Amino acid sequence: MQIDEIMMRAPRTITSGTTIGEAWDVLGTLELRHLPVTNENRELIGIVSDGEFSTWPPTPSSTGRLQGRAALRDALVSTIMMGAPISVEPDDCVQDVYELMHKIKAGALPVLGPDDEVVGIVSYLDILRSLPEVARPSS
(Lines give C-alpha, C1' and ligand atoms only; values in the text may rest on other atoms or scores of the structure.)
Protein backbone atom coordinates (compact mmCIF):
# COMPACT_ATOMS: atom_id res chain seq x y z
CA MET A 1 0.00 0.00 0.00
CA GLN A 2 1.22 3.49 -0.84
CA ILE A 3 0.96 6.70 1.15
CA ASP A 4 -1.29 8.37 -1.44
CA GLU A 5 -3.95 5.79 -0.59
CA ILE A 6 -4.19 6.87 3.06
CA MET A 7 -2.91 10.45 3.28
CA MET A 8 -5.04 13.51 3.83
CA ARG A 9 -4.97 15.28 0.48
CA ALA A 10 -4.50 19.03 0.03
CA PRO A 11 -3.93 19.74 3.73
CA ARG A 12 -4.29 23.20 5.15
CA THR A 13 -0.91 24.94 5.14
CA ILE A 14 0.27 28.19 6.63
CA THR A 15 3.15 30.47 5.74
CA SER A 16 6.09 31.54 7.84
CA GLY A 17 4.40 34.95 8.07
CA THR A 18 1.38 33.48 9.89
CA THR A 19 1.17 34.54 13.52
CA ILE A 20 1.18 32.05 16.37
CA GLY A 21 -2.34 33.15 17.26
CA GLU A 22 -3.59 32.52 13.71
CA ALA A 23 -1.97 29.08 13.65
CA TRP A 24 -3.56 28.25 17.01
CA ASP A 25 -6.95 29.32 15.67
CA VAL A 26 -6.56 27.16 12.53
CA LEU A 27 -5.59 24.11 14.57
CA GLY A 28 -8.58 24.55 16.84
CA THR A 29 -11.15 25.49 14.22
CA LEU A 30 -10.25 22.70 11.82
CA GLU A 31 -9.45 20.21 14.59
CA LEU A 32 -5.98 19.54 13.20
CA ARG A 33 -2.83 18.50 15.01
CA HIS A 34 -0.22 19.44 12.37
CA LEU A 35 0.22 22.34 9.96
CA PRO A 36 2.86 22.33 7.23
CA VAL A 37 4.56 25.72 6.89
CA THR A 38 5.44 26.93 3.39
CA ASN A 39 7.27 29.88 1.92
CA GLU A 40 5.88 32.26 -0.69
CA ASN A 41 6.68 29.66 -3.41
CA ARG A 42 4.61 27.03 -1.54
CA GLU A 43 7.78 25.07 -0.73
CA LEU A 44 7.84 23.24 2.58
CA ILE A 45 10.02 24.99 5.16
CA GLY A 46 8.63 23.71 8.44
CA ILE A 47 5.83 22.12 10.37
CA VAL A 48 3.93 23.15 13.48
CA SER A 49 2.19 20.61 15.66
CA ASP A 50 -0.14 20.99 18.58
CA GLY A 51 2.80 19.98 20.78
CA GLU A 52 4.36 23.39 20.21
CA PHE A 53 1.22 24.82 21.79
CA SER A 54 1.20 22.66 24.92
CA THR A 55 1.18 25.79 27.07
CA TRP A 56 -0.88 27.89 24.65
CA PRO A 57 -2.68 30.12 25.14
CA PRO A 58 -0.34 31.53 27.76
CA THR A 59 -1.82 32.64 31.04
CA PRO A 60 -1.37 36.17 32.35
CA SER A 61 1.69 36.65 34.48
CA SER A 62 1.37 36.99 38.22
CA THR A 63 1.49 40.74 37.79
CA GLY A 64 -1.71 40.52 35.75
CA ARG A 65 -0.22 41.94 32.57
CA LEU A 66 -1.74 40.69 29.33
CA GLN A 67 0.82 42.48 27.20
CA GLY A 68 3.07 39.42 26.98
CA ARG A 69 0.17 37.26 25.87
CA ALA A 70 -0.66 39.62 23.02
CA ALA A 71 2.98 39.74 21.97
CA LEU A 72 3.14 35.93 21.85
CA ARG A 73 -0.07 35.73 19.85
CA ASP A 74 1.36 38.22 17.36
CA ALA A 75 4.76 36.52 17.06
CA LEU A 76 5.43 34.68 13.82
CA VAL A 77 4.93 30.94 13.64
CA SER A 78 8.48 30.69 12.26
CA THR A 79 9.69 31.24 15.84
CA ILE A 80 8.15 27.97 17.05
CA MET A 81 7.98 25.74 13.95
CA MET A 82 10.23 22.76 13.44
CA GLY A 83 12.34 23.74 10.44
CA ALA A 84 13.58 21.46 7.68
CA PRO A 85 11.00 18.75 8.36
CA ILE A 86 11.39 15.27 6.97
CA SER A 87 8.85 14.57 4.25
CA VAL A 88 7.70 11.60 2.23
CA GLU A 89 6.35 11.07 -1.28
CA PRO A 90 2.93 9.83 -2.39
CA ASP A 91 4.30 6.57 -3.79
CA ASP A 92 6.28 5.68 -0.64
CA CYS A 93 5.32 2.41 1.00
CA VAL A 94 3.18 2.73 4.14
CA GLN A 95 5.40 0.23 6.00
CA ASP A 96 8.53 2.28 5.22
CA VAL A 97 6.86 5.51 6.34
CA TYR A 98 5.63 3.83 9.52
CA GLU A 99 9.19 2.74 10.32
CA LEU A 100 10.51 6.24 9.62
CA MET A 101 7.85 7.87 11.81
CA HIS A 102 8.60 5.43 14.60
CA LYS A 103 12.35 6.03 14.32
CA ILE A 104 12.11 9.82 14.42
CA LYS A 105 9.09 9.88 16.74
CA ALA A 106 6.93 11.92 14.35
CA GLY A 107 3.16 12.14 14.66
CA ALA A 108 2.75 13.20 11.05
CA LEU A 109 4.83 13.85 7.95
CA PRO A 110 4.15 16.17 5.02
CA VAL A 111 3.78 14.49 1.63
CA LEU A 112 5.49 16.29 -1.25
CA GLY A 113 4.59 15.98 -4.92
CA PRO A 114 6.95 16.09 -7.90
CA ASP A 115 7.31 19.88 -7.72
CA ASP A 116 8.13 19.75 -3.98
CA GLU A 117 4.69 21.18 -3.23
CA VAL A 118 2.77 19.90 -0.21
CA VAL A 119 0.14 17.54 -1.65
CA GLY A 120 -0.80 15.74 1.55
CA ILE A 121 0.00 14.87 5.11
CA VAL A 122 0.09 11.43 6.67
CA SER A 123 -0.33 10.83 10.38
CA TYR A 124 0.19 7.83 12.59
CA LEU A 125 -3.62 7.62 12.80
CA ASP A 126 -3.84 7.32 9.01
CA ILE A 127 -1.40 4.42 9.21
CA LEU A 128 -3.34 2.75 12.03
CA ARG A 129 -6.57 3.09 10.07
CA SER A 130 -4.91 1.39 7.09
CA LEU A 131 -4.26 -1.81 9.03
CA PRO A 132 -6.23 -4.76 7.76
CA GLU A 133 -9.39 -5.52 9.69
CA VAL A 134 -7.84 -8.79 10.85
CA ALA A 135 -4.91 -6.97 12.49
CA ARG A 136 -7.16 -4.64 14.45
CA PRO A 137 -8.05 -5.56 18.00
CA SER A 138 -11.68 -6.44 18.55
CA SER A 139 -13.74 -3.95 20.49
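See above for the structure.
Residues numbered from 1 in each chain as written. Predicted model: local features only at pLDDT ≥ 70, side-chain atom pairs only at ≥ 80, totals over all residues. Heavy atoms only, no water.

## Description of the overall build of the protein
From N to C terminus, the protein includes 4 helices and 7 strands. Put simply, the protein runs from its N terminus to its C terminus through helices and strands in the order β-β-α-β-β-α-β-α-β-β-α. Classification of the 139 residues of the protein by burial places 35% in the buried group. If you take every contact in the protein between residues at least 6 apart in sequence, the share linking residues at least 24 apart comes to 59%. For the protein, the exposed area adds up to about 8600 Å²; of that, 52% sits on carbon and sulfur atoms. (Helix = DSSP H or I, 4+ residues; strand = E, 2+ residues; numbered from the N terminus. Buried < 20%, exposed > 50% of the residue type's maximum accessible area, 1.4 Å probe, protein only. Contact = heavy atoms within 4.5 Å. Areas by Shrake-Rupley, 256 points an atom, 1.4 Å probe, with all protein chains shown as cover.)

## Quick notes on the pattern of salt bridges
Tallying each qualifying case throughout the model produces 4 salt bridges. Residue Asp126 is joined to Arg129 by a salt bridge in which the shortest nitrogen-to-oxygen separation is 3.5 Å. One end of the pair, Asp126, and the other, Arg129, are both in helix α4 (residues 124-129), 3 residues apart, so they sit about a helical turn from each other. (Salt bridge = Lys/Arg side-chain N within 4 Å of Asp/Glu carboxyl O.)

## Focus: the environment of Ile6
Along the chain, the position of Ile6 falls in the segment before β1 (8-9). Classification of Ile6 by relative accessible area gives buried; the value is 15%. Between the C-alpha atom of Ile6 and that of Ile121, which follows or precedes it by 115 residues, the distance is 9.3 Å. Setting aside residues no more than four positions away along its own chain, Ile6 makes contact with Met1, Val94, Val122, Asp126, Ile127 and Ser130.

## Structural notes on the environment of Leu76
Here Leu76 lies in the loop between α2 (67-74) and β5 (82-83). For Leu76, a relative accessible area of 38% corresponds to the partly exposed category. As for Leu76 and Thr18, which are separated by 58 residues in sequence, their C-alpha atoms are 5.8 Å apart. Apart from the residues lying within four places of it in its own chain, the contact partners of Leu76 are Ser16, Gly17, Thr18, Thr19 and Ile20.

## Quick look at the sheet that holds β1
Spatially, β1-β7-β6 is the arrangement adopted by the 3 strands of the open sheet, whose pairing is antiparallel. Each end of this open sheet is capped by a strand with a single partner; those strands are β1 and β6 (108-112). Sitting on the sheet, helix α3 (residues 94-104) is in contact with β6 and β7 (118-123), with an inclination near 135 degrees to β6. (Pairing = 2+ DSSP bridges. Axes fitted to C-alpha atoms, helices over the stretch in contact; angles between N-to-C directions.)

## Structural notes on a negative patch on the surface
On the surface, a cluster of negative charge is contributed by Glu40, Glu43, Glu89, Asp91, Asp115 and Asp116. The partly exposed category is assigned to Glu89, whose relative accessible area is 45%. (Patch = residues over 30% accessible without salt bridge, like charges linked within 9 Å, V, L, I, M, F, W, Y side chains within 5 Å. Lys, Arg positive; Asp, Glu negative; His and termini not counted. Charge placed at Lys NZ, Arg CZ, Asp CG, Glu CD.)

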